[in-house]
Every structure is written in C-alpha cells, then in structure tokens.
Amino acid sequence: MRPYFLAASLVTSAVLLVPASAQILPFFTKPSTARQPSLEQRPIMNANTPSPQTPPSPAQAAVILSDVIGNSRQTNIFAGFTRDISSVATRLDASLLNTTVLAPANTAISALPRKPWEDPKDYAEMGAAAYEGLSGSDRAGSNLRRFVEAHMVPVSPWGEGEKVKTLAGTEVWWESRGGKTVVLPGEVEVERVVSRVANGEVWMLKGALNYAA
Ligand SMILES: *[C@@H]1O[C@H](CO)[C@@H](O)[C@H](O)[C@H]1NC(C)=O
C-alpha cells in the first residue's frame, strides 16, 4: 500500500546523509589558465574563501537552498520530500528566486495523524486501495506536492506580519509572541532558523501547516 515514490524518498533521505562538502563545483575549466590547474576539484567550502589570484564570481561563491536543505538531520524527512517534487526542487536550486522554507521537524511529520500524501477524501471515495497502482501513486504524489508547497513561502527576507501566499496558495504570516516565533494562522511555533543562504532561509517548525484533520 506504500506508494512507489515513498521508497524513492527514503533513498533520497539516505543520500542526504552524505556530507555537504561532497558536492561538486560547477566546471569552469579553462585550458589557457594554467595557474589553478585543479580548481574544479576543490571542495565547495574552499569556494567561499577566494584566493587573490582567482576571485570567484558571485554565482560560484553563493551557497543556495538546494545545497543546504538536507543538512539538518532534524528536518531531513521534509528535505527528502522537497527533492521528490520537481517544481519545488527546481525553485530551491534557482539562485535568483528567494524562498523561506518552513520545514516541519521529523518529529512533527511522524506525529501527524496520517501521512502527508494521504487524504481522507481519497479513502472515502476509493477505500483502502486509494494509493495502489499507477493512479494511486499519482494521487499520493499530488497530495504530497500540495503538502510541500504549503510550506514554501516565495519571499526571503520575510518580514514580521507580512502576509504572503505559499506556493500552495494559502496565506501565511508570522509574529513574535512571548519570546516565541509563530507562523499564523495555524500558530505553529518556529523552533529555529536552520540555514540562511543566498536565495533564502530554512526555518524548522514544531508542527505542520495547513493540515486539515
Ligand atoms: C534574496 O535574498 C538575499 C539574501 O538575503 C537578499 O540579499 C536579496 O535582496 C533577496 N532578493 C529579493 C528579491 O528579495
């Protein structure tokens, strides 16, 4: 009864355990520039400490959301979901499109009353087999996409009280309340900001948003 893509997302999560430093720099090999022969093999961390001979362009130096989304073990289930939804993965990889990613912690996703790709309406219409077969897999995929898009705020920096529609079309904003940061209207607490990079931020949430029971 588990849809196929779930297996794929578990594989993705396993891949996420590879350290970020294993990422490969884009090629910018120029045979004529003999000063830095093995530049393309430098680990990405070194790209942030430019040497005087070869100042990297901003595009080469910038770390973006797609680089860091899987870095926190506490949110790697949600990170795996973002990689399975190609429109979202593409956005996180776009250096000129800023996003605030509201990533529910693994504990929050595990505590949900049902899986993010399950919709009670599907069970009501189709029974226990709602997510079996190819069409079931498609159905689960679009439910998961809606879940992930409801956690993507297409602005960063995102100011307090600024009402923004998520990629799923739901309006959200945030406020500080008694020393805590909460995302409204669901009043879901922000645990902390996990990453702050060139095209946005990853915030870890203590719960999931827009999750109609
Ligand atoms: C995108 O985020 C960066 C880093 O915070 C910021 O400098 C830049 O102004 C943002 N761009 C837009 C269009 O908000």
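Just so it is clear, the model here is predicted, and its values are computed rather than measured.

> Outline the site of the ligand, listing residues and values.
Contacts to the ligand come from N98, S156 and A198. Note that an oxygen atom of the ligand is positioned 2.3 Å from one of the side-chain N or O atoms of N98. For the ligand, an oxygen atom lies 3.3 Å from a polar atom in the backbone of S156. Contact with the protein chains hides 34% of the accessible area of the ligand, taken as 360 Å² for the molecule alone.

> Let's hear about the packing of aromatic side chains: which residues, and what values?
Tallied over the full model, the rule gives 6 aromatic pairs. Ring centres of F81 and F147 lie 6.5 Å apart, and the angle between their planes is 85 degrees; on these two criteria the pair is classed as edge-to-face. One end of the pair, F81, is in helix 4 (residues 76-84); the other, F147, is in helix 8 (residues 133-149), and 66 residues separate them in sequence. Overall, the relative accessible area of 3% leaves F81 in the buried class.

> Explain the sheet that holds strand 1 (residues 99-104) to me, and be specific about the residues and the numbers.
Read from one edge to the other, the open sheet built from 7 strands follows the order 2-1-7-6-5-4-3, with strand pairing classed as mixed. Whereas interior strands pair on both sides, the edge strands pair on one side only; in this sheet they are strand 2 (152-153) and strand 3 (164-165). Bridge count between strand 3 and strand 4 (residues 171-177): 2 bridges; the pairing is antiparallel. Note that in strand 4 the partner of K165 across the bridge is E171. Set on the sheet, helix 4 makes contact with strand 1 and strand 2; between it and strand 1 the angle comes to about 130 degrees.

> Give me the lowdown on the confidence of the model for the protein, citing residues and values where you can.
Chain-level statistics for the protein give a pLDDT mean of 80 and a share of 69% at 70 or above. Across residues 1-52 the pLDDT falls below 50, and counting only partners more than four positions away or on other chains, this stretch makes 61 contacts in the model.

> How would you sum up the pairing of strand 5 (residues 180-184)? Please name residues and give values.
Relative to strand 5, strand 4 runs antiparallel, the two being bridged by 5 bridges. Bridge assignment links R177 to a residue of strand 5, and that residue is K180. Here strand 4 folds back onto strand 5 in antiparallel fashion, the turn holding 2 residues, of which G178 has a positive phi close to 55 degrees. One ladder, built from 3 bridges, connects strand 5 with strand 6 (residues 188-197); its direction is antiparallel. Paired with T181 across the two strands is V190, which belongs to strand 6. Following strand 5, the chain reverses through 3 residues before pairing antiparallel with strand 6; E187 in that reversal takes a positive phi of roughly 55 degrees.

> Summarise the environment of A198; cite the residues concerned and give the values.
Residue position: A198 is located in the loop between strand 6 and strand 7 (200-205). In this structure A198 comes out as partly exposed when scored by relative accessible area, which is 47%.

> Talk me through the nonpolar core; I want residue IDs and the actual numbers.
Counting residues in hydrophobic clusters, the biggest one holds 24 residues, and the most contacted among them are F78, F81, L92, V101, F147, V148 and M152. Broken down by secondary-structure element, the contributors of at least two residues to this core are helix 3 (65-68), helix 4, helix 5 (86-92), strand 1 and helix 8. Residues V172, W174, V188 and L205 belong to the second largest nonpolar core, which totals 12 residues.

> Now, about the pairing of strand 1: what can you tell me, with residues and values included?
For strand 1, the buried fraction is high: 6 of the 6 residues fall into the buried class. Summarising the sheet, strand 1 and strand 7 pair through 6 bridges and their orientation is parallel. Pairing of P104 across the sheet is with L205, part of strand 7. Pairing of strand 1 with strand 2 involves 2 bridges; the strand directions are antiparallel.

Calculation notes
Residues numbered from 1 in each chain as written. Predicted model: local features only at pLDDT ≥ 70, side-chain atom pairs only at ≥ 80, totals over all residues. Heavy atoms only, no water. Near = heavy atom within 4 Å. Polar contact = N/O pair within 3.5 Å; in protein donor to acceptor, adjacent residues only side chain to side chain. Areas by Shrake-Rupley, 256 points an atom, 1.4 Å probe, with all protein chains shown as cover. Phe/Tyr/Trp six-rings, centres within 6.5 Å; stacked < 30°, edge-to-face > 60°. Helix = DSSP H or I, 4+ residues; strand = E, 2+ residues; numbered from the N terminus. Buried < 20%, exposed > 50% of the residue type's maximum accessible area, 1.4 Å probe, protein only. Pairing = 2+ DSSP bridges. Contact = heavy atoms within 4.5 Å. Axes fitted to C-alpha atoms, helices over the stretch in contact; angles between N-to-C directions. pLDDT = per-residue confidence, 0-100. Core = buried A, V, L, I, M, F, W, Y, C linked by side-chain atoms within 4.5 Å.

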